[in-house]
Amino acid sequence: MCGLAGFLRTTSTPDREAHEGWLNAMGQAIIHRGPDAGAVWLDDAVGLVHRRLSILDLSEAGTQPMVSASERYVIAYNGEIYNFQELRSDLINQGHSFRTRTDTEVLLALYEIHGPECLKLLNGMFALSIWDRTARKLFLARDRLGKKPLYFYEANGHFAFASELKALTPAPFVKTELRFDAIKDFFAYQYVPDPKTIYKNIHKLAPGYWLETDGTHTHQEQYWDVSFGAPSSASVEELQDGLYNLIDDAVRLRMVSDVPLGAFLSGGIDSSAVVGLMTGHTDTPVTTCAIGFDSKRFDEVHWAKKVAEQFKTDHHEFTVKDNVAESLSSIARFFDEPFADPSFVPTYFVSQLARQKVTVALAGDGGDENFAGYSKYYTDQVENRLRGLFPAGVRHNLFPGLARLAGMVNSGPTSKARSLLSTLALDPDEAFFITNSFFRRDIWNDLVTGELKRETRDYDPADITRAHYNNADTDDHLSSILYADIKTYLPGDILVKVDRMSMANSLETRAPLLDYRVVEYAAQIPAALKLHGKEKKYILKKAFERMLPEDILYRKKMGFSVPLAQWLRNELRPIAHSLLTDRDGGLSYCFDMERVGDLWDRHIGGDDSFTQELWSMLAFALWWQRYNR
């Protein structure tokens, strides 16, 4: 795993020494992504820098930027191509020869032969840049699901790119001006969805896209998408056998490494299945790592220990206890833009623990999005069935008024009635956005102020969810929301969290359940076999009944949940109070601080109604504190 950055040299009299300095500073900003080696490549039109975390071919022959055998192409690349050995063998049979054992050199050869079409041959996670010295064009690409990040800046005749935002800013021409709609997006989603960033003129290259530019003309093209439009007619037994075998092969491919390899283990079905399959592809115990909490409600280590004992792994545990407050600010800085999924804290610590033992870790990410594993999917399904019982006119015209009446009575049942009536009044795509939203509209409208309020008055973050929901090639509601999550929540939250927290510890993570073949296979499984009544991930559980015990398969999902309300009242109370009441801090740029203070006081007094909003505001304030001093 690595980091990359670069820029097009557009000045008429390039200052080579200055540009080399920029490149070195860009590389230094992401040295955590590649502490083993670093190099720059510069000609009269482009500058490239690469930081290397050595995984395959640990010799200096694998150093990047790497020049092709023809000397026409230069590559700086971040990721792993899991099927590179097969691709390499095919190229050798066609008469090609190789100087290294790296997937990087295979990528160069494939691009020279196929151009952008080579991306369709790759099974892996990657962000790559290739400079064509003859055509004087830069090619950028990102893997199908967005496992690896890639940002680019384009404005005023300048173009730069990098693995992380912080690696763009050493280039003096890169200007960071806040983007108002992205701020509103953040508070709605807890992250800034692709292809936006928190800054104007800086963009994320979307998953499954490539980009080509000569500095004057830039062209983007989508090379992959997942289709839900052709549900399989195979039997449950055939589907579960096919799924098991495919995931097993995905695990096998991800166990190729020249450095120590292990796995994250939560004790849930996804990570347990991955660990179980890993044991079938090695003669030595698998190294597993688990994170626990000083709270029985959120602690899962006993489940992880049970799986570790079953598969006789070399198991390690860490408890998140008194180290949250002292670590929060330093951990949050790795995101570069506001990010509020609180599970980044345990993800950081499990990555830190794993890195003490291994350099590569397999994880269970992707199971929930592929197979409907979140509780929100069942809640949404129930609401959507109720929605279908009433004509649209009744829902749109009558239910909002009834919801307002219910809201006038302060009790638990009427509060739930208000929420249900409000949701049923909405169309399915809008209702799913509300389910996904972490900052309620009424609270936003009550708090937002100033320029942010004026600039975003007519902007609705729900448009992002609606667009993806309606772009799915299916009429099935669950399939449409799974597609929307694969396009938003998965790359914007889950994969960002895992990439930044693992790379902060110079650890490479691999996700077999996000093998594109698994994603495509899962999309063809009928929705009713994913969410089967109340049973979430039904087909995945059936597939792994042959391996995992019933109490692991069918226990209630927790994931990396954290005791957030408890944290805010105890461990994080000093830092939260400081930032949430700072009338000169980042929140004052967005919100009426007197009203923010009221919510904070109510929380300290025992009211948990605003926990998520307060956490989102704390995350924003932490980001502002570091990046907008």
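For the structure itself, look to the data block above.
Residues numbered from 1 in each chain as written. Predicted model: local features only at pLDDT ≥ 70, side-chain atom pairs only at ≥ 80, totals over all residues. Heavy atoms only, no water.

**Brief notes about the sheet that holds strand E15 (residues 314-320)**
Then comes step 1: Ordered by their spatial adjacency, 5 strands build an open sheet running E15-E14-E13-E16-E17, and the pairing between neighbours is parallel. Two strands close off the open sheet at either side, each with one partner strand: E15 and strand E17 (508-510). Direction aside, neighbouring strands of the sheet carry axes that sit 30° apart on average.
Then comes step 2: Two strands pair when backbone bridges link them, and strand E13 (residues 261-264) and strand E16 (residues 360-362) are joined in this way by 3 bridges, in the parallel orientation. Bridged to Ala263 within E16 is Leu362.
Then comes step 3: Its contacts with the sheet put helix H7 (residues 301-311) on strand E14 (287-293) and E15, and the angle it makes with E15 is roughly 175°. (Pairing = 2+ DSSP bridges. Helix = DSSP H or I, 4+ residues; strand = E, 2+ residues; numbered from the N terminus. Axes fitted to C-alpha atoms, helices over the stretch in contact; angles between N-to-C directions. Contact = heavy atoms within 4.5 Å.)

**Here's the deal with the packing of aromatic side chains**
Then comes step 1: Evaluated as defined, the whole model comprises 36 aromatic pairs.
Then comes step 2: Measuring from ring centre to ring centre gives 6.3 Å for Phe344 and Trp615, while their planes differ by 35°; the resulting arrangement is tilted. Taken as a pair, Phe344 in helix H9 (residues 344-355) and Trp615 in helix H27 (residues 611-627) lie far apart in primary sequence, 271 residues in all.
Then comes step 3: Looking at Trp615, the relative accessible area reads 2%, which means it is buried.
Then comes step 4: The ring of Tyr516 carries the charged tip of Arg144 above its face, separated from the ring centre by 3.7 Å.
Then comes step 5: The cationic tip of Lys376 hangs over the ring face of Tyr489; the distance from NZ or CZ to the ring centre is 4.7 Å. (Phe/Tyr/Trp six-rings, centres within 6.5 Å; stacked < 30°, edge-to-face > 60°. Buried < 20%, exposed > 50% of the residue type's maximum accessible area, 1.4 Å probe, protein only. Lys NZ or Arg CZ within 6 Å of the ring centre and 35° of its normal.)

**Structural notes on the pattern of salt bridges**
Then comes step 1: Going through the model one piece at a time under the given rule, you end up with 44 salt bridges.
Then comes step 2: Between Arg33 and Glu164 there is a salt bridge; the shortest N-O distance is 2.8 Å. Of this pair, Arg33 sits in the loop between helix H1 (16-29) and strand E2 (37-42) while Glu164 sits in the loop between strand E9 (158-162) and helix H4 (180-189), placing them 131 residues apart in sequence. Note on accessibility: Arg33 and Glu164 belong to one class, buried.
Then comes step 3: Its salt-bridge partner being Asp270, residue Lys537 comes within 2.9 Å of it at the nearest N-O pair. Of this pair, Lys537 sits in the loop between helix H21 (516-524) and helix H22 (538-543) while Asp270 is found in helix H6 (residues 269-279), placing the two residues 267 residues apart along the sequence. (Salt bridge = Lys/Arg side-chain N within 4 Å of Asp/Glu carboxyl O.)

**Re the sheet that holds E2**
Then comes step 1: Spatially, 6 strands are ordered E2-E3-E1-E9-E8-E10 in an open sheet, and the strand pairing comes out antiparallel. Looking along the sheet, the strands with just one partner apiece sit at the ends: E2 and strand E10 (202-204). Taking the axes of each pair of neighbouring strands and ignoring which way they run, one obtains an average angle of 15° across the sheet.
Then comes step 2: Pairing geometry for strand E8 (residues 151-155) and E9, over 5 bridges, is antiparallel. Across the sheet, Tyr151 pairs through a bridge with Ala162, a residue of E9.

**Points about the side chain of Thr287**
Then comes step 1: In this fold, Thr287 is placed in strand E14.
Then comes step 2: Classification of Thr287 as buried rests on a relative accessible area of 12%.
Then comes step 3: With residues near it in sequence (within four places) discarded, Thr287 still touches Leu261, Gly262, Ala263, Asp314, His316, Lys357 and Val358.

**Remarks on the pairing of strand E1 (residues 2-8)**
Looking along a regular strand, one sees the side chains alternate between the two faces of the sheet.
Then comes step 1: Within E1, 7 of the 7 residues are buried, which leaves it mostly tucked inside the rest of the structure.
Then comes step 2: Relative to strand E3 (residues 46-52), E1 runs antiparallel, the two being bridged by 7 bridges. Each residue of the ladder has a partner; that of Leu8, found in E3, is Val46.
Then comes step 3: Bridge count between E1 and E9: 3 bridges; the pairing is antiparallel. Each residue of the ladder has a partner; that of Gly6, found in E9, is Phe161.

**Brief notes about the pairing of strand E6 (residues 124-132)**
Then comes step 1: A large share of E6 lies buried, amounting to 9 of its 9 residues.
Then comes step 2: The side-chain alternation of E6 yields two buried faces, one formed by Gly124, Phe126, Leu128, Ile130 and Asp132 and the other by Met125, Ala127, Ser129 and Trp131.
Then comes step 3: For strand E5 (residues 73-81) and E6, the ladder comprises 9 bridges, and the chain directions are antiparallel. Considered in E6, the bridge of Ala76 is made with Ser129.
Then comes step 4: Of the pairings in the sheet, the one linking E6 to strand E7 (residues 137-142) comprises 6 bridges and is antiparallel in character. Its bridge partner being in E7, Ala127 is matched across the sheet by Arg142.
Then comes step 5: What sits between the antiparallel neighbours E6 and E7 is a turn of 4 residues, in which Arg136 has the positive phi angle 55°.

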